[in-house]
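What the coordinates show
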Amino acid sequence: MTVFLSTPRLVLREFTPDDADLLVELDGDPEVMRYLTGGRPTPPEAVRERVLPRILAHYRHPPGLGWWAALGRESGDFLGWFEFRPTRDGDAREVELGYRLRRAAWGVGLATEGCRALVDKGFTELGVQRVTANTMTVNAASRRVMEKAGLRLVRTYVEDWPEMIDGAEHGEVEYALTRQRWLRAMARPSADPGAS
């Protein structure tokens, strides 16, 4: 098992070919998929033939960033995943932050904990200069996580999706955090990039 990082409650590790069933279960929960597909599950064959191979391929491309399986540090249970990958191939200066967690992991701060740890690692160890994240405007819970991780609203925009889902008429939001702003926040007494 290749561990990318650990937090007090999480271990983020590389996915393996044996993780297909975990992803099928995660993407099969209508509530987990609500703001992604309108609640439609990802077909198991799509997970096995497209989703997981795409995840595994990212580790082989410089700088080796991508999607990380999130496990409970004490239990070892699969909780979901976090995404931390370059927005442009091979260039880690700007990365996209994302996550998808099982419902059992909702509401206890795990998304914020994982996102903050990734942001910190990106800015201190990986040469990241800007972190960006996107969600639907109506996804208030994800927006709060982005804010708690120190990201700020950059823009609201509308995409032309092949299939509209409830709430899509309100558009999407992009949040971002630069390394300079993160450093300024770390220098403040509260040392919390999500504060103020």
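The structure reproduced in this document is the subject of the present report. Note that residues are indexed from 1 along each chain, following the sequence as it is written. This being a predicted model, a pLDDT of at least 70 is required before a residue's local features are given, and a value of 80 or more before pairs of side-chain atoms are given or counted; all residues contribute to the totals for chains, interfaces and linings. Neither water nor hydrogens contribute to the side-chain values; these are computed over all heavy atoms in the structure.

Secondary structure summary: the chain contains six helices and eight strands in total. Helix and strand definitions here come from DSSP, where helices need a minimum of 4 consecutive H or I residues and strands a minimum of 2 consecutive E residues; each element is numbered from the N-terminal end. Of the regular secondary structure in the chain, the N- to C-terminal order runs β-β-α-α-α-β-β-β-α-β-α-β-β-α. As a reference, a globule follows 2.2 Å times the number of residues to the power 0.38, and the radius of gyration itself is taken over C-alpha atoms. Relative to the globule expectation of 16 Å for 196 residues, the C-alpha radius of gyration of the chain, 16 Å, shows essentially globular dimensions. Seen along its three principal axes, the alpha-carbon backbone of the chain occupies a region of about 50 × 40 × 35 Å. Relative accessibility decides the category of a residue: with a 1.4 Å probe and only protein chains considered, values under 20% of the type maximum give buried, values over 50% give exposed, and everything between is partly exposed. Counting all 196 residues of the chain, 48% fall into the buried class. We call two residues contacting when some pair of their heavy atoms lies within 4.5 Å. Long-range pairs, those at least 24 residues apart, make up 60% of the contacts in the chain between residues at least 6 apart in sequence. Here the chain displays about 10200 Å² of accessible surface, and carbon together with sulfur accounts for 50% of that area. With 27 positive and 29 negative side-chain charges, the chain shows a spacing of 6 Å between the two charge centroids. Each accessible area is a Shrake-Rupley result for a 1.4 Å probe, and residues are judged covered by the shown protein chains and nothing else. Note on charges: Lys and Arg go in the positive column, Asp and Glu in the negative column, and His and the chain ends are not counted at all. By convention, the point assigned to a charge is CZ for Arg, NZ for Lys, CD for Glu and CG for Asp.

Attention shifts here to unusual backbone geometry. The omega angle of the peptide bond from Pro 62 to Pro 63 is 5°, so this bond is cis rather than trans. Secondary-structure assignment places Pro 63 in the loop between α3 (44-58) and β3 (66-72).

This next bit is on the environment of Thr 132. Counting through the fold element by element, Thr 132 comes out in strand β6 (residues 130-136). Distance from Thr 132 to Met 146, taken between C-alpha atoms, is 9.3 Å for residues 14 residues apart in sequence. What Thr 132 contacts, discounting residues up to four positions off in sequence, is Thr 87, Glu 94, Val 95, Glu 96, Leu 97, Leu 151, Glu 174, Tyr 175 and Ala 176. Polar contacts, as used here, are pairs of N or O atoms within 3.5 Å; protein pairs need one atom able to donate a hydrogen and one able to accept it. Residues neighboring in sequence count only if both atoms are side-chain atoms. At 3.3 Å, the side chain of Thr 132 and the backbone oxygen of Tyr 175 are in polar contact.

This paragraph deals with the pairing of strand β4 (residues 78-88). Of all eleven residues making up β4, nine are buried, and the element is well covered by its neighbours. One requirement defines pairing of two strands: DSSP has to find at least two bridges between them. Across six bridges, β3 lies against β4 in antiparallel orientation. Paired with Ala 70 across the two strands is Gly 80, which belongs to β4. Connecting β3 to the antiparallel partner β4 that follows it, the hairpin turn spans five residues, and Gly 76 within it adopts a positive phi of roughly 75°.

Let us now look at the environment of Leu 56. Relative to the helices and strands, Leu 56 resides in helix α3. Overall, Leu 56 belongs to the buried group, its relative accessible area being 18%. Sequence-distant contacts of Leu 56, defined by excluding residues within four places in its chain, comprise Phe 15, Thr 16 and Pro 17.

Here the focus is the pairing of β3. Residues in a regular strand point their side chains to alternate faces of the sheet. Among the seven residues of β3, seven are classified as buried, and the element is accordingly described as predominantly covered. Here strand β2 (residues 10-14) runs beside β3; their pairing, made up of five bridges, is antiparallel. Pairing of Leu 10 across the sheet is with Gly 72, part of β3.

Another aspect to go through is the side chain of Glu 94. Counting through the fold element by element, Glu 94 comes out in strand β5 (residues 91-101). A polar side-chain atom of Glu 94 sits 3.0 Å from a polar atom in the side chain of Thr 87. Dropping the residues within four chain positions of it, Glu 94 is found in contact with Arg 85, Pro 86, Thr 87, Arg 88, Arg 130 and Thr 132.

Before going further, it helps to spend a moment on the sheet that holds β2. What the eight strands build is an open sheet, ordered β1-β2-β3-β4-β5-β6-β8-β7; its pairing is mixed. Taken across any chain shown, the strands that pair with only one partner, and hence form the sheet edges, are β1 (3-6) and β7 (152-157). Sheet twist, expressed as the average angle between the axes of neighbouring strands with direction ignored, equals 25°. Note on definitions: angles span 0 to 180 degrees between N-to-C directions of axes, and those axes are lines fitted to C-alpha atoms, for helices only across the stretch in contact. Here helix α5 (residues 140-148) sits on the sheet and contacts β5, β6, β7 and β8 (172-178); the angle it forms with β6, its principal contact strand, is near 165°.

Attention now goes to the nonpolar core. As used here, the term nonpolar core means buried Ala, Val, Leu, Ile, Met, Phe, Trp, Tyr and Cys residues forming a set that is joined through side-chain atoms within 4.5 Å. By size, the foremost hydrophobic cluster in this structure holds 50 residues, and its most contacted members are Phe 15, Leu 97, Val 131 and Leu 151. Broken down by element, the residue count for this core peaks at seven residues, all from helix α4 (residues 110-125). The residues touching Leu 151, leaving out its near neighbours within four places in the chain, are Leu 97, Val 119, Val 131, Thr 132, Ala 133, Met 146, Tyr 175, Ala 176 and Leu 177.

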